[in-house]
Amino acid sequence: MFITFEGIEGTGKTTQIKLIKAFLEGAGHTVDVTLEPGGSRIGKELRKILLNMDSTDLTGESELFLYLADRAQHVSQTIRPAIEAGKVIISDRFADSTIVYQGYGRGLDPKLLRELNDVAVSGCWPDLTILLDIDPEMGLKRAMTRNLQENKMQEEGRFEAESLEFHNRVREGYLTWAALNHERFFVVDAAQTPDEIFEQIKAKTVEVLKNR
Ligand code: TYD
């Protein structure tokens, strides 16, 4: 089973991934957690280029192809082997991030991005995608505080430094894309407490597992 988590910065994806991993392990599943960009050896190198504040000369098209390269490598090295081994694999971001950030955010054509993603994922679309939805003003405040606390602003702050307007487009893009793919998406209001959010994610995950 393949589960992905999506949402703008500061929605609490990491916290929820930890909680659902512990829950699923408690229920007897073997669970691997991975992320994009950077879920493979090559991907870790790509992540440095993609998220560093100094990558100001990266063109929109190059950025897109680096994310797709990261994903193709991630699927072949990490995700597909885990699925074939009968594990639950959870990814912090996946193909939908490209459609939403490079598409709705940066203005590339979402339909073309969906087709390019098809090449990168080669059949490995998630069984369940959890979208943590939050007002960008609230999310960004949380993400900036975290980056400052962990001293990661330079290395990882390229997207957090984008305008509020960009993040508003991303948020709206996520909601539009989730509605278009409602059979796989589950949208949760991330302004609730972590416990409240987790209860909803848990119930949905159990339901999807049961129906497989
Ligand atoms: P990361 O620090 O992992 O952010 P978060 O903790 O919010 O997940 O950085 C990933 C950034 O890369 C995030 O801002 C979204 C962006 N991104 C894209 O623009 N396109 C993509 O395809 C992916 C996977 C991520």
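Because the structure is a prediction, the values reported are computed rather than measured.

**Describing helix α2 (residues 41–51)**
Here is step 1 of the chain: G43, L46, L50 and L51 are the residues of α2 that are buried. Relative to the axis of α2, the buried residues are bounded by an arc of 110 degrees and lie together on one face. Away from its buried face by more than 90 degrees, α2 exposes R41 and K48.

**Considerations on the packing of aromatic side chains**
Here is step 1 of the chain: Enumeration according to the criterion identifies four aromatic pairs in this entry.
Here is step 2 of the chain: For the pair F2 and F94, a centre-to-centre distance of 5.0 Å together with 85 degrees between the ring planes defines the contact as edge-to-face. Taken together, the residues F2 in strand β1 (residues 2–6) and F94 in the loop between β3 (88–92) and α4 (95–105) connect sequence positions 92 residues apart.
Here is step 3 of the chain: Residue F2 is classed as buried on the basis of its relative accessible area of 1%.
Here is step 4 of the chain: By way of ring pairs, the aromatic residues Y101, F166 and Y174 are connected into one cluster.
Here is step 5 of the chain: In this structure, R71 is placed above the aromatic ring of F94, and the distance from its NZ or CZ to the ring centre is 5.6 Å.

**Observations regarding the packing of α4 against helix α5 (residues 110–121)**
Here is step 1 of the chain: Put simply, α4 and α5 touch, their axes get as near as 9 Å, and they point 150 degrees apart. Relative to α5, α4 is oriented roughly antiparallel. Classified by chirality, the crossing of α5 by α4 is right-handed. Listed contacts from α5 to A95, T98, I99, Q102, G103 and Y104 of α4 are P110, L113, R114, N117 and V121.
Here is step 2 of the chain: Here the residues of the contact of α4 with α5 are counted per class, giving six nonpolar, four polar and one charged.

**Topic: the nonpolar core**
Here is step 1 of the chain: With 40 residues, the main nonpolar core has I3, F5, I90, I130, L132 and I201 as its most contacted residues.
Here is step 2 of the chain: Broken down by element, this core gets its largest block of residues, five residues, from helix α8 (residues 164–180).
Here is step 3 of the chain: Filtering out sequence-adjacent residues up to four positions away, F5 remains in contact with K13, Q16, I17, I20, I90, S91, D92, R93, I130, L132 and I201.
Here is step 4 of the chain: Counting ten residues, the second-largest nonpolar core is a separate cluster that includes A82, I89, F94 and A95.

**Some words on the side chain of K13**
Here is step 1 of the chain: Checked against the element boundaries, K13 lands in helix α1 (residues 13–26).
Here is step 2 of the chain: For K13, the side chain forms a polar contact with the main-chain oxygen of G7, separated by 3.5 Å.
Here is step 3 of the chain: In contact with K13, not counting residues within four places along its chain, are F5, E6, G7, I8, D92, R93 and L132.

**Concerning unusual backbone geometry**
Here is step 1 of the chain: The peptide bond linking E36 to P37 adopts the cis configuration, its omega dihedral lying at -10 degrees.
Here is step 2 of the chain: Its location among the elements puts P37 in the loop between β2 (31–35) and α2.
Here is step 3 of the chain: Positive phi, normally seen in glycine, also occurs at R93, with a value near 80 degrees.
Here is step 4 of the chain: Among the secondary structure elements, R93 is positioned in the loop between β3 and α4.
Here is step 5 of the chain: When its relative accessible area of 13% is taken as the criterion, R93 is described as buried.
Here is step 6 of the chain: One non-glycine residue, S122, adopts positive backbone phi at about 30 degrees.
Here is step 7 of the chain: Considering the arrangement of structural elements, one finds S122 in the loop between α5 and β4 (128–133).
Here is step 8 of the chain: Exposure remark for S122: the relative accessible area of 41% places this residue in the partly exposed category.

**Here we look at the site of the ligand**
Here is step 1 of the chain: Lining the immediate surroundings of the ligand are 17 residues, of which E9, Y67, R93, T98 and Q102 lie closest.
Here is step 2 of the chain: In this structure, R47 approaches the ligand through a side-chain N or O atom, which is 3.3 Å from an oxygen atom.
Here is step 3 of the chain: Between the ligand and Q102, the relevant distance is 2.8 Å, taken from a nitrogen atom to a side-chain nitrogen or oxygen of the residue.
Here is step 4 of the chain: Relative to its unbound accessible surface of 540 Å², the ligand loses 95% to contact with the protein.
Here is step 5 of the chain: Put simply, the parts of the chain that give the shell around the ligand at least two residues each are α2, α3 (60–84) and α4.
Here is step 6 of the chain: Broken down by element, the shell around the ligand gets its largest block of residues, four residues, from α4.
Here is step 7 of the chain: Each residue belonging to the shell around the ligand can be placed in one class, and the counts come to five nonpolar, three polar and nine charged.

Rules and cut-offs
- Residues numbered from 1 in each chain as written.
- Predicted model: local features only at pLDDT ≥ 70, side-chain atom pairs only at ≥ 80, totals over all residues.
- Heavy atoms only, no water.
- Buried < 20%, exposed > 50% of the residue type's maximum accessible area, 1.4 Å probe, protein only.
- Helix = DSSP H or I, 4+ residues; strand = E, 2+ residues; numbered from the N terminus.
- Arc of directions from axis to C-beta.
- Phe/Tyr/Trp six-rings, centres within 6.5 Å; stacked < 30°, edge-to-face > 60°.
- Lys NZ or Arg CZ within 6 Å of the ring centre and 35° of its normal.
- Axes fitted to C-alpha atoms, helices over the stretch in contact; angles between N-to-C directions.
- Parallel < 35°, antiparallel > 145°, perpendicular 65-115°, else oblique.
- Left-handed = near helix turned anticlockwise from the far one by under 90°.
- Contact = heavy atoms within 4.5 Å.
- Nonpolar A, V, L, I, M, F, W, Y, C, P; charged D, E, K, R; others polar.
- Core = buried A, V, L, I, M, F, W, Y, C linked by side-chain atoms within 4.5 Å.
- Polar contact = N/O pair within 3.5 Å; in protein donor to acceptor, adjacent residues only side chain to side chain.
- Near = heavy atom within 4 Å.
- Areas by Shrake-Rupley, 256 points an atom, 1.4 Å probe, with all protein chains shown as cover.

Any functional reading would require information that these geometric values do not contain.
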